[in-house]
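# Remarks on the overall topology
Listed below are the residues making up each chain.
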Amino acid sequence: MNDHGIFLALGILAALVACGLAWIAALLRVRAGQPLLEHEPRRDVPWGLVDLLIAVVVLMGTQLFALRVVSNMYGINLGPDLANLSPEQHGALIVAGAVSTLVTVVASLILVMLHTGARVHEFGFDVRRWWHDVWRGVAAFVMLGPLVYLIQFALVQWFESKHPLIELLKANPDPYLFAVITISAVVVAPIAEEYLFRVLLQGWLEKLATFRGGVMEILFGGSTDTSATTGVAPHAGTDEKRPTATDDRTDDNPYASPSSMSHQPNQPDAMGEVTGGWRESVPLWPILISAILFAGMHASHGPDP
C-alpha cells in the first residue's frame, strides 16, 4: 500500500471512530434524560402556498430564458445530441443553469419579504449564532456522514450510480468544465436546494401541520406585522405567559431554520377565544415529504435517492 492508500485508510478509520464516539455521547445524553437538540420554538413561517408556486414558476422561467440565450450565443441545438457538445458549450449551459437558479433564490427571497414582511431570521439566516450552528452541523455530519457513505458504498455494488455532471466530467476531463461543475454542484445547488426544500417547502408544511388560522393565510400567507394584536395566549389553570406574535423576542433562539422550530400567532377559535400559542413540537411528516420530493429529483441517479 502506497502513502496515499495509508492516509486514506487512516482517514476512514478516524471517521468511523469519531462517528462511534459521537453516537455513544448521543446515547448517553438520551439515557440521562436530555434532548439531543435543545427545543427552539418559533412562530409559523409567514409565507403561503402561493409563494412556493411563484418560486417554482420563476425557476422554470429563468432557466428557460437562460438556456435560450446561451443556446443562441453558442449555436447550441437543445435536442437529443447534447452529448456531442464541446466542453465550452457544456460549461455555458451549466453556468446558465447556475445563474438562473441563484436569480430564482434572490428573487423569491425579495418577493416573500415584500409580500409577507418576513424578516431575515425567519428564513434561517443569522450570523449571531453562526459558531453554534456550525458546531451542530459538524456534529451531525460526524454522526451521519460515515453511515451514509457506508450505505452508498454497499448499494453501488448492486446499483450503478450515475450523476449526469459526473458522467459529463468523465467524458470531458476539461479544467474549465471541472471548475463550473464544481461551483454549480458544490455551491449553487446546495444553496438553492436548502432554500426551496428545507426553508420554503418544509417551513410551509410545518405551518400547515400546526396552524389554526384561516385557509386564506395557508394559501396566500400573511404579513408578520402583528402590531394590531396584543396580549398573550391564556393557558388554562396556570398563570404562565408565553410571548405572542407581537413580541420581537420570539424565542430563546430566533435564528434557527423553520425545520427546527415552530410557533404560531394567537388565533381566535370559534368561540372567539385566543387559543394559539407556542408549539412545543411539530410532526415528522413535513420533513418526510420534503425529503421524499428531494430524493425523487435524483430518481435517475441509481441508489442516490
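The coordinates are above.
A few points on the structure.

Here is what the cut-offs are and how they apply
Residues numbered from 1 in each chain as written. Predicted model: local features only at pLDDT ≥ 70, side-chain atom pairs only at ≥ 80, totals over all residues. Heavy atoms only, no water. Helix = DSSP H or I, 4+ residues; strand = E, 2+ residues; numbered from the N terminus. Buried < 20%, exposed > 50% of the residue type's maximum accessible area, 1.4 Å probe, protein only. Contact = heavy atoms within 4.5 Å. Areas by Shrake-Rupley, 256 points an atom, 1.4 Å probe, with all protein chains shown as cover. Expected span 1.5 Å × (residues − 1). Bend = angle between axes of the 7 residues up to and from the residue. Polar contact = N/O pair within 3.5 Å; in protein donor to acceptor, adjacent residues only side chain to side chain. Salt bridge = Lys/Arg side-chain N within 4 Å of Asp/Glu carboxyl O. Axes fitted to C-alpha atoms, helices over the stretch in contact; angles between N-to-C directions. Parallel < 35°, antiparallel > 145°, perpendicular 65-115°, else oblique. Left-handed = near helix turned anticlockwise from the far one by under 90°. Nonpolar A, V, L, I, M, F, W, Y, C, P; charged D, E, K, R; others polar.

## Regarding the overall build of the protein chain
Scanning the protein chain from terminus to terminus reveals eight helices and zero strands. Taken from the N to the C terminus, the helices and strands of the protein chain come in the order α-α-α-α-α-α-α-α. Relative to its 305 residues, the protein chain shows a buried fraction of 33%. Contacts in the protein chain between residues at least 24 apart in sequence constitute 74% of all its contacts with a sequence separation of at least 6. Carbon and sulfur atoms provide 69% of the accessible area of the protein chain, an area that totals close to 18,500 Å².

## Comments concerning helix H6 (residues 175-210)
Relative to the 52 Å expected for 36 residues at 1.5 Å per residue, H6 spans 49 Å between its end C-alpha atoms, a close match to the ideal helical length. The axis of H6 is deflected most strongly, by about 35°, at Ala189, and proline Pro190 appears within four residues downstream. The opening residue of H6, the one whose side-chain oxygen lies 3.0 Å from the backbone nitrogen of Tyr176, is Asp174.

## With respect to the pattern of salt bridges
In this structure the tally under the stated criterion is five salt bridges. Lys170 is paired through a salt bridge with Glu167; the nearest N and O atoms lie 3.8 Å apart. One end of the pair, Lys170, and the other, Glu167, are both in helix H5 (residues 164-171), three residues apart, so they sit about a helical turn from each other. For Lys170, a relative accessible area of 61% corresponds to the exposed category. Its salt-bridge partner being Arg198, residue Glu194 comes within 2.9 Å of it at the nearest N-O pair. Placement of both Glu194 and Arg198 in helix H6 is noted, with a separation of four residues, approximately one turn of the helix.

## Looking at helix H4 (residues 130-155)
Along its 26 residues, H4 runs 35 Å from first to last C-alpha, staying within 8% of the 38 Å computed at 1.5 Å per residue. The axis of H4 is deflected most strongly, by about 35°, at Leu144, and proline Pro146 appears within four residues downstream.

## Considerations on the environment of Leu168
Mapped onto the fold, Leu168 is located in helix H5. For Leu168 and Phe178, which are 10 residues apart along the polypeptide, the C-alpha to C-alpha distance reads 9.6 Å. With sequence-adjacent residues up to four places away left out, Leu168 is seen in contact with His90, Ile94, Leu177 and Ile181.

## Thoughts on the packing of helix H3 (residues 87-116) against H6
The N-to-C vectors of H3 and H6 enclose an angle of 25°; their axes lie 9 Å apart at closest approach. If you check the angle between H3 and H6, you find them roughly parallel. Relative to H6, H3 is oriented so that their crossing is left-handed. Partitioning the contact of H3 with H6 into residue classes produces 17 nonpolar, five polar and one charged.

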